[in-house]
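Below are the chains, spelled out letter by letter.
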Amino acid sequence: MENLQERKLQIKNRDEFLKYLDSLSKINESAILTIKKDKVESLVASPDNTLILYSEFASESDFEDTLNIPDLKKLSRVIDTIPSNDIEFKVNSNNLEYKGNGIKFKYHLFEEGFLSKPNLNLDKINSFEFDIKFSIDKNILNQIFKGSTFASETNKIYFYTENGQLMAELTDRARHNTDNFTLTLQQANFELKPTPINFDNIRLLTNISNSFAVKINTQFGVVVFDNSLNNIKLKYIISSLTQ
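These numbers come from a predicted model, not from an experiment. (Residues numbered from 1 in each chain as written. Predicted model: local features only at pLDDT ≥ 70, side-chain atom pairs only at ≥ 80, totals over all residues. Heavy atoms only, no water.)

What follows concerns the sheet that holds strand β14 (residues 195-198). Strand order in the open sheet made by the four strands is β13-β12-β11-β14, with antiparallel pairing throughout. The two strands at the open ends of the sheet, each matched to only one other strand, are β13 (181-187) and β14. Across the sheet, the mean angle separating the axes of adjacent strands is 25 degrees when strand polarity is ignored. The pairing of strand β12 (residues 165-170) with β13 spans six bridges and is antiparallel. Opposite Ala168, over in β13, you have Leu183 as the bridge partner. (Pairing = 2+ DSSP bridges. Helix = DSSP H or I, 4+ residues; strand = E, 2+ residues; numbered from the N terminus. Axes fitted to C-alpha atoms, helices over the stretch in contact; angles between N-to-C directions.)

What follows is the structure in structure tokens.
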């Protein structure tokens, strides 16, 4: 980290910042937060690297640097003790310091270089032509999760079209005699061959608004789930599986 004095990071909405940290902690227990003048950015990956989350949180700071957060849930727990929705952190060389509302704490950071970011070229992903686009709302997701208790032998979900309808199927087409659960999502004006992704990755999505905007690049097998609410932007990038 840079050797600067009295560096301040201002969070204008504690509750939304806790949601932001929660979305990161579902993917990985630690993270590198990139502090910019008007936002916090992060890029985290699941242990098998089949799911990567790029996220933004609108904030204000008088410096730009990176913070290596060792334990996201621990940081969330101490921030949750602050009664105010407006938070100002003093960023020291190896810790985040808070004083206010009768509370004082220091949260220690990892040294620079201890953590590493996922190897992902986000600009390249953003430049992709996504030929399939649709949305999934929270009610549909809840139905899929309920169906997963029946189709418990599989960890794959297939998105595909059939007779002009977009379908989601929980099954494993590489195995015989596997229970399956299929849900009709919506009418489709496109054709999509069965595209399987790891259902465990769907469980890791944080739904901060009513729906996800889903985009699929069928050439490279990349599936993107976008979700945003006020100060938070989440972009989940998932690699599709083989059949």
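From this point on, the discussion continues.
Turning to its location among the elements, Ser46 is positioned in the loop between β3 (39-45) and β4 (51-58). Look at Ser46 and you get buried, because its relative accessible area is 4%. Residues Ser46 and Ile27 lie 19 residues apart in sequence; the distance between their C-alpha atoms is 5.1 Å. Dropping the residues within four chain positions of it, Ser46 is found in contact with Ile27, Leu51 and Asn201. Side chain to side chain, Ser46 and Asp48 meet in a polar contact 2.8 Å long. (Buried < 20%, exposed > 50% of the residue type's maximum accessible area, 1.4 Å probe, protein only. Contact = heavy atoms within 4.5 Å. Polar contact = N/O pair within 3.5 Å; in protein donor to acceptor, adjacent residues only side chain to side chain.)

Turning to the packing of helix α1 (residues 14-27) against helix α2 (residues 72-79), a few remarks are in order. Interaxial distance between α1 and α2 falls to 9 Å at its minimum, and their mutual angle equals 165 degrees. If you check the angle between α1 and α2, you find them roughly antiparallel. Considering how the two elements wind past one another, α1 and α2 form a crossing that is left-handed. The segment α1 lies against α2, with Arg14, Phe17, Leu18, Leu21, Leu24 and Ser25 engaging Leu72, Lys73, Leu75, Ser76 and Ile79. Considered class by class, the residues forming the contact of α1 with α2 number seven nonpolar, two polar and two charged. (Parallel < 35°, antiparallel > 145°, perpendicular 65-115°, else oblique. Left-handed = near helix turned anticlockwise from the far one by under 90°. Nonpolar A, V, L, I, M, F, W, Y, C, P; charged D, E, K, R; others polar.)

Here the focus is the sheet that holds strand β2 (residues 31-35). The strand order across the open sheet formed by eight strands is β6-β2-β3-β4-β17-β16-β15-β10, and the pairing between neighbours is antiparallel. With partners counted over all chains shown, the strands left at the sheet margins are β6 (65-69) and β10 (132-137), one partner each. For this sheet, the mean angle separating the axes of adjacent strands, direction not counted, is 20 degrees. Judged from the three bridges that link them, β2 and β3 form a sheet pairing that is antiparallel. Bridging across to β3, Thr34 finds its partner in Glu41. In this fold α1 packs onto β2, β3, β4, β16 (222-229) and β17 (232-239), with an angle of close to 165 degrees to the strand it touches most, β4.

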